[in-house]
Amino acid sequence: MPIIYLSPSTQEWNQYVTGSGSEEYHMNQLADALVPYLVSNGIRYKRNRPEMTAASSIREANAGDYDFYLALHSNASGAGNYGETRGIIAFYYPGSAQGQRGAELIAEELRKIYPLPNKVTTRATTTLGEVARSKAPAVLVEIGYHDNYADAVWLEGHWNDIAQQLARALTRYFGLPFIYPMDPVQGTVSVSYGTLNLRSYPSSSGTILANMPNGASVTVYGEWQGWYVVHYGDYVGYAAAAYINT
């Protein structure tokens, strides 16, 4: 199953015009909202921490083996234009076909909920370290302008909606079905013989990740067309719901 590096902004000095907190605070709220969607869709993640910097986040990500790097930020207008700009920009590194594809999917999904969809764009850049220096395909998404009152208010009222659209983009990127979050429940494998396959995709053709014996304890995080998203030991995958008692 895929694993991403999730990097909400660590810029605590960028304050929202509404007085509600910093970019760091709000992007961590967004990350908090995104996590249940990642878990329910079987997307594993490693998340940076507020005491880190962009540079240390990049180093940590590059020390691991991640399938995607997602940086969450909100934007601000340049000097002389304070509060006058709105929009969303998904940045990627030029020449990274997968980074560009991820940016386009994110932009496409966010256009569905942002009040000014024509202002949701993608842009190649060599100046943003989180896309330029990441060894994994990377997207840095500037979600609205926190110095614009209308954007700030929209952001503060739509964390869950934004998180859902980001998750939809990620499931499309990884070729997975989108699954709504559910409260996790404990389950027990129930097979009359052999083992239950834990697979990489909700299909009998999905790669087998692990074999779960009868009586094995699992945690179920989502359900899709007769398949559960299951955490079993160190594994995350899909298993036939008919053979798991909850």
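Residues numbered from 1 in each chain as written. Predicted model: local features only at pLDDT ≥ 70, side-chain atom pairs only at ≥ 80, totals over all residues. Heavy atoms only, no water.

**Q** What is the right way to look at the packing of helix α1 (residues 23-40) against helix α6 (residues 159-174) in this model?
**A** In a packed pair of helices, the relevant descriptors are the angle between the two axes and the axis-to-axis distance. Interhelical geometry of α1 versus α6 gives an angle of 55° and a closest axis separation of 8 Å. By the angle between their directions, the pair α1 and α6 is classed as oblique. Handedness of the crossing formed by α1 with α6: right-handed. Of the residues in α6, those touching α1 at H26, M27, Q29, L30, A33, L34, Y37 and L38 are W159, N160, I162, A163, Q164, L166, A167 and L170. Tallied by class, the residues present in the contact of α1 with α6 amount to 12 nonpolar, 4 polar and no charged. (Axes fitted to C-alpha atoms, helices over the stretch in contact; angles between N-to-C directions. Helix = DSSP H or I, 4+ residues; strand = E, 2+ residues; numbered from the N terminus. Parallel < 35°, antiparallel > 145°, perpendicular 65-115°, else oblique. Left-handed = near helix turned anticlockwise from the far one by under 90°. Contact = heavy atoms within 4.5 Å. Nonpolar A, V, L, I, M, F, W, Y, C, P; charged D, E, K, R; others polar.)

**Q** Sorry, what's going on with the pairing of strand β5 (residues 120-124) here?
**A** Within a regular strand, side chains alternate between the sheet's two faces. As judged from the 5 bridges shared by strand β4 (residues 88-92) and β5, these two strands associate in the parallel manner. Residue pairing in the sheet places A90 in a bridge with T122 of β5. (Pairing = 2+ DSSP bridges.)

**Q** How should the side chain of Q165 be read in this particular structure?
**A** Topologically, Q165 is positioned in helix α6. For Q165, a relative accessible area of 8% corresponds to the buried category. A distance of 3.0 Å separates a polar atom in the side chain of Q165 from a polar atom in the side chain of E109. (Buried < 20%, exposed > 50% of the residue type's maximum accessible area, 1.4 Å probe, protein only. Polar contact = N/O pair within 3.5 Å; in protein donor to acceptor, adjacent residues only side chain to side chain.)

**Q** Please explain the packing of aromatic side chains as it appears in this structure.
**A** Each aromatic ring pair is characterised by the separation of its centres together with the angle its planes make. One pass over the full model with this rule turns up 7 aromatic pairs. Taking the centre distance of 4.8 Å and the plane angle of 55° together, the rings of F68 and Y173 count as tilted. With a gap of 105 residues between them, F68 in strand β3 (residues 68-75) and Y173 in helix α6 connect regions that are remote in the sequence. Aromatic ring contacts, followed pair by pair, group Y5, Y66 and Y69 into a single cluster. The side chain of R168 reaches across the aromatic face of F178, ending 4.0 Å from its centre. (Phe/Tyr/Trp six-rings, centres within 6.5 Å; stacked < 30°, edge-to-face > 60°. Lys NZ or Arg CZ within 6 Å of the ring centre and 35° of its normal.)

**Q** Explanation requested: the packing of helix α3 (residues 97-111) against α6 in the structure shown.
**A** One way to put it is that α3 packs onto α6 with a least axis distance of 8 Å and a crossing angle of 140°. On the basis of the axis angle, α3 is oblique to α6. Seen along the crossing, α3 lies across α6 with a hand that is right-handed. Residues Q98, R101, G102, L105, I106, E108, E109 and L110 of α3 pack against I162, Q165, L166, R168, A169, R172 and Y173 of α6.

**Q** Before we go on, may I ask you to explain the pattern of salt bridges in this structure?
**A** Close approach of charged atoms allows side chains with opposite charge to pair. Following the criterion strictly, the structure yields 7 salt bridges and no others. Measuring nitrogen to oxygen at the nearest pair gives 3.6 Å for the salt bridge that ties E51 to R49. Exposure remark for E51: the relative accessible area of 61% places this residue in the exposed category. For E109, the salt bridge goes to K112, with nearest N and O atoms at 3.3 Å. When salt bridges that share partners are traced, they join E108, E109, K112 and R172 into one network. (Salt bridge = Lys/Arg side-chain N within 4 Å of Asp/Glu carboxyl O.)

**Q** Looking at this model, I keep getting lost on the sheet that holds β5. Mind explaining?
**A** Hydrogen bonds between backbone groups are what pair the strands of a sheet, and the pairing can be parallel or antiparallel. Spatially, 6 strands are ordered β2-β1-β3-β6-β4-β5 in an open sheet, and the strand pairing comes out mixed. Looking at the sheet topology across the chains shown, the edges are occupied by β2 (44-47) and β5. On average, adjacent strands in this sheet sit at an angle of 25° to one another, irrespective of strand direction. Two strands pair when backbone bridges link them, and strand β1 (residues 3-8) and β3 are joined in this way by 5 bridges, in the parallel orientation. Looking at the pairing, P8 lines up with L72 of β3. α3 rests against β3, β4, β5 and β6 (138-145) of the sheet, and its axis sits at about 165° to β5.

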